Structure formats: structure tokens, C-alpha cells
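Single-letter residue listing:
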Amino acid sequence: MSTLDNILEEINNAETIAILTHENPDGDAIGSSLGLYNALKSMGKNPDIIIPEYSRIFKFLAGADEIKTESDIENYDLAIAVDCASIKLLNGFAKYFEGAKVKINIDHHSTNMMFGDYNYVNPDAPAAAQVVLVILQYFGVEITKEIGTCILTGIITDTGGFRYQGVTAETFEFVAWLLNKGINV
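Predicted model, so just to flag it, every value in this text is computed and none were measured.

Engineer: Hey, could you run me through the pattern of salt bridges in this one?
Structural biologist: Pairing of side chains with opposite charge becomes possible as their charged atoms draw close. Within this structure, the stated rule accounts for 3 salt bridges. With its nearest N and O atoms 3.4 Å apart, the salt bridge here joins lysine 41 to glutamate 66. One end of the pair, lysine 41, is in helix H2 (residues 27-42); the other, glutamate 66, is in the loop between strand S2 (48-50) and strand S3 (78-82), with 25 residues separating them in the sequence. Judged by relative accessible area, lysine 41 falls into the partly exposed class, the value being 33%. Classification of glutamate 66 as partly exposed rests on a relative accessible area of 37%.

Engineer: Sorry, what's going on with the sheet that holds strand S5 (residues 118-121) here?
Structural biologist: If you walk across this open sheet you meet the 5 strands as S2-S1-S3-S4-S5, and the pairing is parallel. Looking at which strands have only one partner, the edges of the open sheet turn out to be S2 and S5. Recorded for the sheet is a direction-independent mean angle of 15 degrees between the axes of neighbouring strands. One ladder, built from 5 bridges, connects S3 with strand S4 (residues 102-107); its direction is parallel. Across the sheet, residue valine 82 finds its bridge partner in S4, namely isoleucine 106. Sitting on the sheet, helix H1 (residues 3-13) is in contact with strand S1 (17-21), S3, S4 and S5, with an inclination near 125 degrees to S5.

Engineer: For this particular structure, what's the right way to read the packing of aromatic side chains?
Structural biologist: Geometrically, a pair of aromatic rings is defined through the distance of the ring centres and the angle of the planes. With the rule as written, the count across this model stands at 3 aromatic pairs. Ring centres of tyrosine 76 and tyrosine 96 lie 6.3 Å apart, and the angle between their planes is 75 degrees; on these two criteria the pair is classed as edge-to-face. Within this pair, whereas tyrosine 76 is found in the loop between S2 and S3, its partner tyrosine 96 is found in helix H3 (residues 94-98), the two being separated by 20 residues in sequence. Here tyrosine 76 matches tyrosine 96 in class, with each residue buried.

Engineer: What exactly am I supposed to notice about the nonpolar core here?
Structural biologist: One broad rule of soluble globular proteins: the nonpolar side chains tend to lie buried together. Leu34, Leu36 and Ile80 are the most contacted members of the largest nonpolar core, which totals 46 residues. Counting residues per element, the ones that place at least two in this core are H1, S1, H2, S3, S4, helix H4 (128-139), helix H5 (145-158) and helix H6 (169-180). Considering each element in turn, this core owes the most residues, 8 residues, to H4. Those residues in contact with leucine 36, other than ones at most four positions away along the chain, are Ile19, Ile80, Val82, Ile106, Val132 and Leu136.

Engineer: Would you take a moment to explain the pairing of S1 for this structure?
Structural biologist: Two faces, one strand: in a regular strand the side chains alternate between the faces of the sheet. Counting buried positions along S1 yields 5 of 5 residues, so the element is predominantly enclosed. Side chains of S1 alternate between two faces, with Ile17, Ile19 and Thr21 and Ala18 and Leu20 buried alike. Where S1 meets S2, 3 bridges bridge the pair, whose relative direction is parallel. Counterpart to alanine 18 in the pairing with S2 is aspartate 48. For the crossover from S1 across H2 to S2, the handedness is right-handed.

Engineer: Even after reading the chapter, I still don't get the pairing of S3, so can you show me in this structure?
Structural biologist: Counting buried residues along S3, 5 of its 5 residues qualify, which places the element largely inside the surrounding structure. Burial along S3 is two-sided: the face carrying Leu78, Ile80 and Val82 and the face carrying Ala79 and Ala81 are both buried.

Engineer: I tried to follow H4 on my own but got confused; where do I start?
Structural biologist: Since one α-helical turn is 3.6 residues long, residues separated by three or four positions face the same way. Given a rise of 1.5 Å per residue, 12 residues ought to cover 16 Å, and the 17 Å separating the end C-alpha atoms of H4 matches this to within 8%. With respect to burial, H4 is a largely interior element, 9 of its 12 residues being buried. The set of residues buried in H4 consists of Ala128, Ala129, Gln130, Val131, Val132, Leu133, Ile135, Leu136 and Phe139. Where H4 terminates, the next one or two residues include glycine 140, which has phi positive at roughly 80 degrees.

The rules behind these values
- Residues numbered from 1 in each chain as written.
- Predicted model: local features only at pLDDT ≥ 70, side-chain atom pairs only at ≥ 80, totals over all residues.
- Heavy atoms only, no water.
- Salt bridge = Lys/Arg side-chain N within 4 Å of Asp/Glu carboxyl O.
- Helix = DSSP H or I, 4+ residues; strand = E, 2+ residues; numbered from the N terminus.
- Buried < 20%, exposed > 50% of the residue type's maximum accessible area, 1.4 Å probe, protein only.
- Pairing = 2+ DSSP bridges.
- Axes fitted to C-alpha atoms, helices over the stretch in contact; angles between N-to-C directions.
- Contact = heavy atoms within 4.5 Å.
- Phe/Tyr/Trp six-rings, centres within 6.5 Å; stacked < 30°, edge-to-face > 60°.
- Core = buried A, V, L, I, M, F, W, Y, C linked by side-chain atoms within 4.5 Å.
- Right-handed = clockwise from strand over helix to strand, strands pointing away.
- Expected span 1.5 Å × (residues − 1).

In C-alpha cells form, the structure reads like this:
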């Protein structure tokens, strides 16, 4: 079984799921987290996305109005950290990750500490959102306009509008694929 099969199995088995990202989240952290959140909802799950504070410029993303600043649940069945190289970056809300029965780490930083029970990390990807897109495609999730907009926001912001090192032809292929689905840049 691949890591992605394990992750899908854990998602399917979990009653309570928390999605977390690093403090002072950028567009990739917010976009990839909300992309995953919307995808899990489409899979029949009811995850909590917990982000204490973030820039209001991302309010337009689907699900942004459902972001929680904290949760009453102390021990989630599953916690998923997105775009986070180490557990320290989860800062004050690492407790949700540490208290979870199963921990998943999805990231693109080469410095990732592999702190999850399951780690899906691709340091060749220029954004965590691109890693999330690969996972969702593997799971067979339909990439709706809402999910695609979240993913595209992550890719555009973490690549500096495609100016940074790490942008490859593959990045443009992902973006072209999203645009062909009707996602608006």
C-alpha cells in the first residue's frame, strides 16, 4: 500500500478531522488548507479547519468563512498539517496535532522534519497546493471551481506569480489543467 492509500484510508475511517497550517499563513498555506477542506467536504467528511489568524485578502476563497480560530475537540481522530516544515510552526495550536490519534503531514519544504505518522512531502513542488492537488487527483476527487481556486491561489502566491526558483513546466501543466476546468486567475 502506498502512503496515499494509507492517508485515504485514515481519512475514510476518521470521524473528526482537523486541518492545520503554519502561523502567519501565506496564500499557499490558506489555499492548500482550504482546497483540502473543500475536498474532504465533497468526500462526505466534516473537517474543522483551524487557523487562528490570516489575511482578509483570502476571504474570497470557498470555506474561508468556516475557518475556526480554535476548537473544543481536544483529541481528533485525524489531524492534517499542511505547508508546515516542522511541528514548531504550528505554534499555539500544535496541541490539536499532537493530541490526534493519527497525524498526517503534507508539505513541499525540503527542510520538512517528517513529523507525521504519514508524511507526503514533495520538495520538488513549488507550493504545498500543488502537492494537495496531486493527492486529490489520486483520490479521484472532482476538482470543482471552489477547490481549484484555492489550489491556484496557493500556487500563484508561493511561486511569486511564477517568478521564483522551483517553478517547472509541470507547474504550468497543473495551472493549465486548472484553467481548463474554468478556474479564473
